[in-house]
Amino acid sequence: MRFIQTLQNIWKIQELRQRLIITFLLVVVYRLGCQVVLPGISVSDLNDLQNFTNKSGLMQLLDMFSGGAFSQASIFALGIMPYITASIVIQLLGMVLPSFQKMQREGESGRQKLNQYTRYLTVLILCLQGPAYLINLKYQVGSGATMGVWTILYLTIILAAGSMFIMWLGERITDRGIGNGISFIILVGIIARLPEAMIFEFVSRLPGDGMAQGGLVMFLVEVVLLFAVTVGAVLLVQGTRKVPVQYAKRIVGNKQYGGVRQYIPLKVNAAGVMPIIFAQAIMFVPITLAGFGADESGSGFFAAFSDINGFWYNFVYFIMIVAFTYFYTAITVRPTQMAEDMKRNNGFIPGVKPGKKTAEYLDSIMSRITLPGSLFLGVVAILPAFARFFGISQNFAQFFGGTSLLIMVGVVLDTLQQIESHLMMHHYDGLMKDGKIKGRTTGSAY
């Protein structure tokens, strides 16, 4: 079979084999660390924390991105998200502050400075999130965990060290493994929750169970729908609009340069998952003020925007995602710069004058393809709420859309693309019989 032959080809390439083994071993280290509980936390404390996590949609979301370490009160409980947050802040500063823009243009030296600032900001965020997590843990587990000031201090150091160690693991995967390490760790954390969620959903559909009914047929329908949603997410991630570019002929000596037609791939979803992340960050504010969504007796504004399955939460969430998609696309895709680079390299779009007319043409295309892309992204983001409305359990519904699904699709495509590039480099067939795998142009999940 072709699949078995492809696996054999992968194993024959020594460098690729070593990278896969190193990636697997580092992932095992990460998963083992997720099971190491903080000092002073007992089994009964963990049961109380898990019960609280299952009642709150926000807590379930945080638990998913930490690979279950959040509800386990693990040394990796804060996960990699503080680093992601710091990276987003540094990226936004690079769009508004001239000093950060200068570092972005300095090449490798500037990138190293930005990485150093990102690490410093990550430590600062950890120093804020660590005590917040521990204080919340103290109230949720009751009197089982006695936490004084010094206890919170040294546990915060442990949590910060755990997150920084995860960041180090991600960098090692990037350097010596396969794919973007940080994105791969997020992927592992999300996938780690999938088997448990599927088993829980399967058991709840069994006849005679006291929870959701419908039998095994409904479970099979849910699996088919999950597959269809995943296919739609793949189309969203890979969808591009190819703009033809013709380069003028140049004769240097006895050789001819240019004269070929190439394409500029404008992505339908150029913003990636960033609009969802921005919208979630804002939508989490009412939940946080309402007590992390745990207060079910609230009413009015906080009650409406604390229910992640409610109408008003998802309606505003959808509108914000569409707006942020346009905003982030506008600041990342710059038609004027693209037109200038094209003109500098003697390139032009057939039928369009170089310079200002080319920039206007590219801008009009981006405006047209961003609208369906933003609407599709908004629908994918609120699909978990629809899944929950039709009786699917909260844990399993989270895989029907949102950030988790887009991250899984994007990271898997990037990893497969790197494996395929190694195969093609050694003159083997790719992973697919027809065509090549197209990964994301961003190279990371955030």
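The residue count restarts for each chain, going from 1 along the sequence in the order it is written. Local features in this predicted model are restricted to residues of pLDDT 70 or higher, and side-chain atom pairs are both shown and tallied only at a pLDDT of 80 or more, whereas totals for entire chains, interfaces and linings draw on every residue. Side-chain metrics in this entry use all non-hydrogen atoms of the structure; hydrogen atoms and water are not considered.

Thoughts on the overall build of the protein
So, point 1. Helical segments are the DSSP runs of H or I of at least four residues, strand segments are the runs of E of at least two, and each set is numbered from the N terminus. Looking only at helices and strands, one finds 17 helices and 5 strands in the protein.
So, point 2. Expressed as a percentage of its 446 residues, the buried residues of the protein come to 45%.
So, point 3. We call two residues in contact whenever any of their non-hydrogen atoms come within 4.5 Å of each other. When contacts within the protein are restricted to residue pairs at least 6 apart in sequence, those whose partners lie at least 24 apart make up 68%. Only protein chains enter the calculation, and the probe is 1.4 Å; a residue is then buried if its accessible area is under 20% of its type maximum, exposed if over 50%, and partly exposed in between.

A word on the side chain of T156
So, point 1. Position of T156 among the secondary structure elements: in helix α8 (residues 149–176).
So, point 2. We classify T156 as buried; its relative accessible area is 10%.
So, point 3. Side-chain polar atoms of T156 contact the backbone oxygen of I152, separated by 2.6 Å.
So, point 4. Excluding its chain neighbours within four sequence positions, the residues that come into contact with T156 are L126, C127, G130, P131 and L134. N or O atoms within 3.5 Å of each other form a polar contact, as long as, within protein, one can give a hydrogen and the other can take it, and as long as residues adjacent in sequence are counted only when both atoms are side-chain atoms.

Some thoughts on the nonpolar core
So, point 1. Ranked by size, the top nonpolar core spans 63 residues in total, and within it Y30, I80, I190, Y317 and L406 carry the most contacts.
So, point 2. Discounting residues that sit within four places of it in the chain, L406 has contacts with A233, L236, V237, V273, I276, L377 and V380.
So, point 3. To define a nonpolar core, start from buried Ala, Val, Leu, Ile, Met, Phe, Trp, Tyr and Cys residues and group those joined through side-chain atoms within 4.5 Å. One finds L38, F70, Y133 and L137 within the second-largest nonpolar core, a separate group that totals 16 residues.

What about helix α9 (residues 181–204)?
So, point 1. One less than the number of residues in a helix, times 1.5 Å, gives the span that helix is expected to have. In this model α9 runs 35 Å from its N-terminal to its C-terminal C-alpha over 24 residues, within 8% of the 34 Å that 1.5 Å per residue would give.
So, point 2. One side-chain oxygen of the residue at the start of α9 lies 3.3 Å from the amide nitrogen of I182, identifying that residue as N180.

Quick notes on helix α14 (residues 335–344)
So, point 1. P335, A339 and M342 are the residues of α14 that are buried. With its buried residues spanning 65° around the axis, α14 presents them on a single face. Comment: arc refers to directions from the helix axis out to C-beta atoms.

Let's talk about the packing of α8 against α9
So, point 1. With their axes 7 Å apart at the nearest point, α8 and α9 run at an angle of 115° to one another. The hand of the α8/α9 crossing is right-handed. Across from I166, M167, L169, G170, I173 and T174 in α8, the residues of α9 making contact are G181, I182 and I185.
So, point 2. Looking at side-chain class alone, the contact of α8 with α9 contains 6 nonpolar, 3 polar and no charged residues. Lines fitted to C-alpha atoms define the axes here, with helix axes fitted over just the stretch in contact, and angles between the N-to-C directions of these axes take values from 0 to 180 degrees. Left-handed describes a crossing whose near helix is turned anticlockwise from the far helix by less than a right angle; the clockwise case is right-handed. Any residue outside Ala, Val, Leu, Ile, Met, Phe, Trp, Tyr, Cys, Pro, Asp, Glu, Lys and Arg is labelled polar, Gly included; the first ten of those are nonpolar and the last four are charged.

Focus: the packing of helix α2 (residues 14–33) against α8
Helices that pack against each other are described as a pair by the angle of their axes relative to one another and the distance between those axes.
So, point 1. Running from N to C, α2 and α8 point in directions that differ by 170°, and their axes come no closer than 9 Å. Relative to α8, the element α2 is oriented roughly antiparallel. Two secondary-structure elements touch here, α2 through R19, I22, T23, L26, V27, V29 and Y30 and α8 through F165, I166, L169, R172, I173, T174, D175 and R176. The cut-offs work like this: below 35 degrees is roughly parallel, past 145 is roughly antiparallel, 65 to 115 is roughly perpendicular, and the gaps in between are oblique.

Comments concerning the environment of N345
So, point 1. Assignment of secondary structure puts N345 in the loop between α14 and β5 (347–348).
So, point 2. Sequence spacing of N345 and Y247 is 98 residues, and the spatial spacing of their C-alpha atoms is 7.6 Å.

What about the environment of F219?
So, point 1. Mapped onto the fold, F219 is located in helix α10 (residues 215–238).
So, point 2. With a relative accessible area of 11%, F219 lands in the buried category.
So, point 3. Remark: the alpha-carbon pair of F219 and I392, spanning 173 residues in sequence, is separated by 9.2 Å.

So, the packing of aromatic side chains
So, point 1. Any Phe, Tyr or Trp ring, taking Trp's six-membered ring, that has another such ring centre within 6.5 Å forms a pair; planes under 30 degrees apart are called stacked, those over 60 apart edge-to-face, and the others tilted. Within this structure, the stated rule accounts for 11 aromatic pairs.
So, point 2. Taking 5.8 Å as the distance between ring centres and 45° as the angle between the ring planes, the aromatic pair formed by Y313 and Y317 counts as tilted. With a gap of 4 residues between them, Y313 and Y317 both fall in helix α13 (residues 311–332), about one helical turn apart. By the burial criterion, Y313 is buried, and Y317 matches it.
So, point 3. An aromatic cluster is present here, built from Y30, F76, F165 and W168 joined pairwise through their rings.

Some thoughts on a nonpolar patch on the surface
So, point 1. Taken together, the side chains of W11, I21, F24, L25, V28 and L32 present a nonpolar region at the surface, about 630 Å² in accessible area.
So, point 2. Among the elements that make up the nonpolar patch, the one with the highest residue count is α2 (5 residues).
So, point 3. Its place among the elements puts W11 in helix α1 (residues 2–12).
So, point 4. Assessed through its relative accessible area of 53%, W11 is described here as exposed. Within the patch definition used here, like charges are joined within 9 Å and nonpolar side chains (Val, Leu, Ile, Met, Phe, Trp, Tyr) within 5 Å, considering only residues with over 30% relative accessible area and no salt bridge. All accessibility values rest on the Shrake-Rupley procedure with a 1.4 Å probe; residue burial counts only the protein chains present in the view. By definition here, a salt bridge exists when the distance from a side-chain nitrogen of Lys or Arg to a carboxyl oxygen of Asp or Glu is within 4 Å.

Re the pattern of salt bridges
As a working rule, side chains carrying opposite charge can pair if their charged atoms are close by.
So, point 1. Applying the stated rule across the entire model yields 5 salt bridges.
So, point 2. Across the pair R19 and E15 runs a salt bridge whose closest N-O atoms are separated by 3.5 Å. With R19 and E15 both in helix α2 and 4 residues apart, this pair spans about one turn of that helix.
So, point 3. In this structure, E171 engages R119 in a salt bridge whose closest nitrogen and oxygen atoms are separated by 2.6 Å.

Details of the confidence of the model for the protein
So, point 1. Mean pLDDT over the protein: 78, with 79% of residues reaching 70 or higher.
So, point 2. Note on residues 291–298: pLDDT under 50 across the span, and 11 contacts to partners over four residues away in sequence or across chains.
So, point 3. In the model, residues 441–445 has pLDDT below 50 throughout and makes 11 contacts with residues more than four positions away in sequence or in other chains. Each residue carries a pLDDT value, the predictor's own confidence for that position, ranging from 0 to 100.

Comments concerning the environment of R241
So, point 1. Tracing the sequence through the fold places R241 in strand β1 (residues 240–247).
So, point 2. With relative accessibility at 34%, the residue R241 sits in the partly exposed group.
So, point 3. On a C-alpha basis, the gap between R241 and K267 in space is 6.2 Å, while along the polypeptide they are 26 residues apart.
So, point 4. If we ignore the near neighbours within four places in the chain, the residues touching R241 are I264, P265, L266, Y361, I365 and I369.

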